[in-house]
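What follows is the residue order along each chain.
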Amino acid sequence: MRYNVDLHSHSGYAGGVGKISLPGVAATMAKKGIDAFGVGDCLQPAWREKFADLLEEREAGLYALRGAAGDGRKARFVMQTEVIFTSAVPSGGRKATHTVLLFPNLRAVDAAIALLLRWKVKLDMGRPFIKCADAGEVAEKCSGFMKIDPRTMVIPAHVMTPRGVFGSDHPVDRLSDVYGGFAREIAAVETGLSADPALLALLPELDGTALISNSDCHSEALARVGREFTALEITRPTYEEIVLAIRERRILLTAEFDPAEGRYFLSGHRAGLSGHGGIGCWFSPDRLPPGCLCPVCGKKLTIGVLDRVLHLSRVQTGGRPRILGETRPNQKAVTLVPLVEVLAAGLGVASTAGRRVNDLFETIIGETGTEAELWDLSPGEIEARFSPLLPERAVAALAEVRRGNFSFQPGYDGEYGGLRLGEKIAWFGQAGIANGD
Ligand SMILES: [Zn+2]
Ligand SMILES: [Zn+2]
């Protein structure tokens, strides 16, 4: 059976401003069509404490809200956290590498908490820092988690963003530069909002690795939960079967943001940067300023995902980079625009959380059941079904997105890309300077 998983989130303990409660998430999952969801920050003691009251184990390793009705396809939770390994890297300095951990049950979570306390890791911040001298020690610590239970998973998170293993912050060229000998054991990496299988197909090192996609959300909002997810082919819903499906690459598809919507796609400096006077700038790889120096502040630009992918492809192929668009990914993906964003763009309103957008969203899923099922309809079916129910502009926006007739003004240095309906904005030939608004 097809099983949609979203295995990376954060509680209110990870910093940031999100509001998240497990009952709230469960309600959103049902609307979005997500079957299993990573609880986030499961090693944080105060959050971990809540699981005892809120959750009960149903199918081996899958948890449900206490007393909730329904089978293994109804709002299941997986024990999950993100940790940050810090270690010296070959390019100099110490890199902080975000990494997702999945645990088979609460017993394994508690064993991991005990292990981290032995390592003198502080657990109060939700996303614990695990200080390591070098890649050898990162490998040892990853193996330590695997010894708790061999079904534990260690998954490099949002690999192309600055704090991902291949990101621009203290850049490295290979997984082993961070994970040492454990790199061989890594069965899956997370694409993150800024990359998708087509981009990662340019990296030979990932040829045999499963690519999974998760929302990494800090909020239970409709625009966040399941904004990226992975559809697995499983025989029955259990934690172990989810892990096996990932390891054996029984991946039907990943649902991906358009990489240009991600916050670090092109190189640039955001308008809000101190000393930037409210002016943002962005550049595609073919239009980078000399030395990658910012024309506004003179400092080095935040190098974007597209530049990093092209660089890694050159290095990992020994100077014969694979060509973007010509290298077939060995996994299927669909590009997804969150429905509330489509509606907001269609109505010409800025907020995805406003009353009008929310009312239209509810009308639509009242018809289709879930957001995921809406996109199974053809553009013609969308027009026929929703014209009597929704404003004309909203229906037109849905049909445009379903036809693929949209693009994003690419994101850069922490700014999300902006949806443009009926336009095709190229990834190359971009050099922009603008007042942020
Ligand atoms: Zn992260
Ligand atoms: Zn600058």
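Residues numbered from 1 in each chain as written. Chains lettered and ligands numbered in written order. Predicted model: local features only at pLDDT ≥ 70, side-chain atom pairs only at ≥ 80, totals over all residues. Heavy atoms only, no water.

Visitor: An account of the sheet that holds strand S13 (residues 267-269) is requested, with residue identities and associated values reported.
Guide: Judged by pairing direction, the sheet is antiparallel, and its three strands sit side by side in the order S13-S14-S18 without closing on themselves. Unpaired on one side and paired on the other, S13 and strand S18 (431-435) mark the two borders of the sheet. Each strand of the sheet is rotated relative to its neighbour by a mean of 10 degrees, with strand direction disregarded. By the bridge criterion, five bridges tie strand S14 (residues 279-283) to S18 in an arrangement that is antiparallel. Looking at the pairing, phenylalanine 283 lines up with alanine 431 of S18. (Pairing = 2+ DSSP bridges. Helix = DSSP H or I, 4+ residues; strand = E, 2+ residues; numbered from the N terminus. Axes fitted to C-alpha atoms, helices over the stretch in contact; angles between N-to-C directions.)

Visitor: Before we move on, can you summarise empty space enclosed by the protein with the specific residues and values?
Guide: Rolled over the atoms, a probe sized like a water molecule indicates the empty space that remains. This model, assessed by the stated rule, comprises one cavity of 30 Å³ or more. Two domains each donate at least three residues to the lining of the largest cavity, and these are domain 1 (2-258) and domain 2 (337-404). (1 Å grid on protein atoms, 1.4 Å probe; cavity = no way out; pocket = protein on both sides within 12 Å on 5 of 7 lines; lining within 4 Å. Points joined across faces, edges and corners; volume = space filled by probe spheres on them. Domains from an automatic or database assignment.)

Visitor: Can you tell me about the domain arrangement of the chain, naming the residues and giving the values?
Guide: For the chain, the assigned domains read domain 1 (2-258) and domain 2 (337-404). Just the C-alpha atoms count here: the centres of domain 1 and domain 2 sit 30 Å apart. Between domain 1 and domain 2, the residue contacts involve eight residues of the former and eleven residues of the latter. In total, about 770 Å² of surface goes out of reach between domain 1 and domain 2, with carbon and sulfur atoms giving 64% of it. When the buried surface of domain 1 facing domain 2 is broken down by residue, Lys31, Lys32 and Leu222 rank first, second and third, together holding 60% of it. Of the charged contacts, one joins lysine 31 and glutamate 362 as a salt bridge, the two residues approaching to 2.9 Å between their closest N and O atoms. (Contact = heavy atoms within 4.5 Å. Buried area = accessible area lost by both parts, 1.4 Å probe. Salt bridge = Lys/Arg side-chain N within 4 Å of Asp/Glu carboxyl O.)

Visitor: Give me the lowdown on the coordination of the zinc ion (ligand 1), citing residues and values where you can.
Guide: Here the zinc ion (ligand 1) is held by the protein donor atoms Glu82 (OE), Glu82 (OE), His98 (ND1) and His158 (NE2), which lie 2.1 to 2.7 Å from it. Considering all four donor atoms around the zinc ion (ligand 1), angles at the metal cover 52 to 146 degrees and the coordination shape is irregular. Of note, the donors binding the zinc ion (ligand 1) are all from one chain and are spaced E-x15-H-x59-H. Highlighted residues: histidine 98 in strand S6 (residues 94-103) and histidine 158 in the loop between strand S8 (153-156) and helix H5 (176-179), separated in sequence by 60 residues. Neither residue differs from the other here; histidine 98 and histidine 158 are each classed as buried. (Donors = N, O, S within 2.8 Å, 3.2 Å for Na, K, Ca; no water. Tetrahedral: all angles 85-135°; square planar, octahedral: opposite > 155°, others 65-115°. Buried < 20%, exposed > 50% of the residue type's maximum accessible area, 1.4 Å probe, protein only.)

Visitor: Tell me about the packing of helix H9 (residues 339-347) against helix H13 (residues 392-403), residues and numbers included.
Guide: In contact at an axis separation of 8 Å, H9 and H13 are set at 130 degrees when each is read in the N-to-C sense. Classified by the interaxial angle, the pair formed by H9 and H13 is oblique. For the pair H9 and H13, the sense of crossing is right-handed. Between H9, through Leu339, Val342, Leu343, Gly346 and Leu347, and H13, the contact on the second element is made entirely by Arg393, Ala394, Ala397, Leu398 and Val401. Across the contact of H9 with H13, the residue classes tally to eight nonpolar, one polar and one charged. (Parallel < 35°, antiparallel > 145°, perpendicular 65-115°, else oblique. Left-handed = near helix turned anticlockwise from the far one by under 90°. Nonpolar A, V, L, I, M, F, W, Y, C, P; charged D, E, K, R; others polar.)

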